[in-house]
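Here are the chains, one letter per residue:
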Amino acid sequence: MTGQGYNTAMLLPLVIATAMSQTPDLDQIARAACEKASAEYGLEVEKLAATIHVHDRDARTWAHGSHQGARKFYPASVVKVFFLAYAMHLIEQKKLELTDELQRGFDDMIGYSSNDATNYVLEVITGTGSGPNVSDDELKEFMQKREAPNRWYASLGYKDVYAVQKTWYDGPYGRDRQAYGLNWEHRNSLTTDATARWMSDVMLDKFVTPDKCADMRKLLSRTILADDEKASKSYIGGVLPSGTKLWSKAGWTSDVRHDLACVRTKDGKEITLCIYTEYGRNTKAVSFIAAEILRSLGVDAKMPDDGEPVWLPEDQQI
């Protein structure tokens, strides 16, 4: 009996050490992927960020790791998912009616990233509209309404979510321009940590209600390049193996290129990735970082297509 007890006590540290060695260092994986992309394409690693969540669906939790996950970026069209969830919250609270027109706005805002649809949705959920310049007092009231999504996310424990401005083709005018501040200090901003949490909360039914999370997943569902030659090559879906399920929302301007995605492999792995880069013209950095991360997690991801240009020409900036 004494010997058996002694052996058990001796084995316990070994069991714990073995379990810890089998848990990947997600911070290191995220950092290494960004460093490799930096070396491959001549990018500044400080202008790249990535957050990884490996889901435990049974426990509805995730393991977390990141490189520069708390760094604030202009999120481009990724911000649209934050408007979507806040709208779902208002609908669930019966403070907003889901009309056919609002559903059309959701479909277009997420489905093909329409800025016009996004601006309509933001007006509906905040009770604000565009128009001529206003007085300082009127602007203060305007911003109080516009910042309602921020307050809701803060109440849920989100950090560094600033999701208040419309998205534009040409730029803001009138009171919308005033809302940005004199030096554009009030632009939308997000971190990869907050954005990855958004996706994981949706995937694990931790937002609003399970029914509303299912509605959002339906809007976010995408085909991947391996299964549909019309799918994007420049984002996370471009490197996934055939049969992988994808939910995602990308963002792109001339200055930034981002992607937020959850991938579910055929063998049941479920991983959220959020990658932000300050390289809008680089067509491969996001997918390269994603492939490096996924390979480190045992997913048979392929590297970006060598036949595609690495940099868009200056005249293709948007």
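What you see is a predicted model, and the numbers here were worked out from it, not measured in a lab.

A. Spotlight on helix H6 (residues 136–146). Along H6, the residues that are buried comprise Leu139, Phe142, Met143 and Arg146. Buried residues along H6 cover an arc of 95 degrees about the axis, so they all sit on one side. Counted as exposed and oriented over 90 degrees from the buried face of H6: Asp137 and Lys140. The elements touched by buried residues of H6 are helix H5 (115–126), helix H7 (148–155) and helix H8 (175–179).

B. Spotlight on the sheet that holds strand E1 (residues 48–56). Pairing within the open sheet is antiparallel, and its six strands lie in the order E2-E1-E6-E5-E4-E3. Lying at the two open borders of the sheet, with one neighbouring strand each, are strand E2 (61–67) and strand E3 (221–222). Pairing between E1 and E2: seven bridges, direction antiparallel. By the bridge assignment, Asp56 is partnered in E2 with Thr61.

C. Expanded view of the packing of aromatic side chains. Throughout the structure, instances matching the rule amount to 13 aromatic pairs. An angle of 55 degrees between the planes, with centres 5.8 Å apart, marks the rings of Tyr86 and Trp152 as tilted. A residue pair is termed long-range when its members are at least 10 positions apart, and Tyr86 in helix H3 (residues 80–92) and Trp152 in helix H7 qualify at 66 residues. Judged by its relative accessible area of 9%, Tyr86 falls in the buried class. On the basis of relative accessibility, which here comes to 11%, the residue Trp152 falls in the buried class.

D. Looking closely at the packing of H3 against helix H4 (residues 100–111). Contact geometry for H3 and H4: axes closest at 10 Å, N-to-C directions at 155 degrees. Between H3 and H4, the angle falls in the class roughly antiparallel. In this structure, H3 meets H4 at a crossing whose hand is left-handed. Contacts from Lys80, Val81, Leu84, Ala87, Met88 and Ile91 in H3 reach Leu102, Phe106, Met109 and Ile110 in H4. Of the residues assigned to the contact of H3 with H4, the class counts are nine nonpolar, no polar and one charged.

E. Inspection of the pairing of strand E4 (residues 245–252) at higher detail. Note that E3 and E4 share two bridges and pair antiparallel. The residue bridging Arg222 from the neighbouring strand is Leu246, located in E4. Of the pairings in the sheet, the one linking E4 to strand E5 (residues 257–264) comprises eight bridges and is antiparallel in character. Bridge pairing links Lys245 to Arg264 in E5. Once E4 ends, the chain turns through four residues before running back antiparallel as E5.

F. Quick look at the packing of helix H9 (residues 192–203) against helix H10 (residues 210–220). Between H9 and H10, the least distance of the axes is 8 Å, while the angle of their chain directions is 115 degrees. Contact residues: Trp198, Met199, Asp201, Val202 and Met203 in H9; Cys213, Met216, Arg217 and Leu220 in H10. Grouping the amino acids of the contact of H9 with H10 by side-chain chemistry returns seven nonpolar, no polar and two charged.

G. Just the nonpolar core, in detail. Membership of the largest hydrophobic core comes to 46 residues, with the highest contact counts inside it found for Phe82, Phe106, Ile125, Tyr153, Trp198 and Phe207. If you list the elements that add at least two residues to this core, you get H3, H4, H5, H7, H9, H10, E5 and strand E6 (270–277). Examining the composition of this core, we find that ten residues originate from one element, H3, more than from any other. Setting aside anything within four residues of it in sequence, one finds Phe82 in contact with Tyr153, Tyr158, Val161, Ala163, Leu190, Ala194, Thr195 and Trp198. Core analysis: the second largest hydrophobic core is formed by 35 residues, Ile29, Ala30, Ala261 and Ile275 among them.

H. Region of the structure containing empty space enclosed by the protein. Taken as a whole and judged by the stated rule, the model has one cavity of 30 Å³ or more. Put simply, the largest cavity is a space of about 90 Å³. As for the largest cavity, its lining consists of Leu225, Lys233, Ser234, Gly238, Thr283, Lys284, Ser287, Lys302, Met303, Pro304, Asp305 and Glu308. For the lining of the largest cavity, the class distribution of residues is three nonpolar, four polar and five charged.

I. Quick peek at the pattern of salt bridges. Applying the stated criterion to the full structure yields 14 salt bridges. Lys36 is paired through a salt bridge with Glu292; the nearest N and O atoms lie 3.3 Å apart. Of the two residues, Lys36 is situated in helix H2 (residues 26–41) and Glu292 in helix H11 (residues 285–296); the sequence distance between them amounts to 256 residues. When its relative accessible area of 44% is taken as the criterion, Lys36 is described as partly exposed. The partner of Glu270 in a salt bridge is Arg57, and the shortest N-O contact between them spans 2.8 Å. With Glu270 in strand E6 and Arg57 in the loop between E1 and E2, the pair connects residues that are 213 residues apart, well separated along the chain. A relative accessible area of 2% places Glu270 in the buried class.

Definitions and limits used
Residues numbered from 1 in each chain as written. Predicted model: local features only at pLDDT ≥ 70, side-chain atom pairs only at ≥ 80, totals over all residues. Heavy atoms only, no water. Buried < 20%, exposed > 50% of the residue type's maximum accessible area, 1.4 Å probe, protein only. Helix = DSSP H or I, 4+ residues; strand = E, 2+ residues; numbered from the N terminus. Arc of directions from axis to C-beta. Contact = heavy atoms within 4.5 Å. Pairing = 2+ DSSP bridges. Phe/Tyr/Trp six-rings, centres within 6.5 Å; stacked < 30°, edge-to-face > 60°. Axes fitted to C-alpha atoms, helices over the stretch in contact; angles between N-to-C directions. Parallel < 35°, antiparallel > 145°, perpendicular 65-115°, else oblique. Left-handed = near helix turned anticlockwise from the far one by under 90°. Nonpolar A, V, L, I, M, F, W, Y, C, P; charged D, E, K, R; others polar. Core = buried A, V, L, I, M, F, W, Y, C linked by side-chain atoms within 4.5 Å. 1 Å grid on protein atoms, 1.4 Å probe; cavity = no way out; pocket = protein on both sides within 12 Å on 5 of 7 lines; lining within 4 Å. Points joined across faces, edges and corners; volume = space filled by probe spheres on them. Salt bridge = Lys/Arg side-chain N within 4 Å of Asp/Glu carboxyl O.

All quantities given are derived from atomic positions and should not be read as evidence of function.
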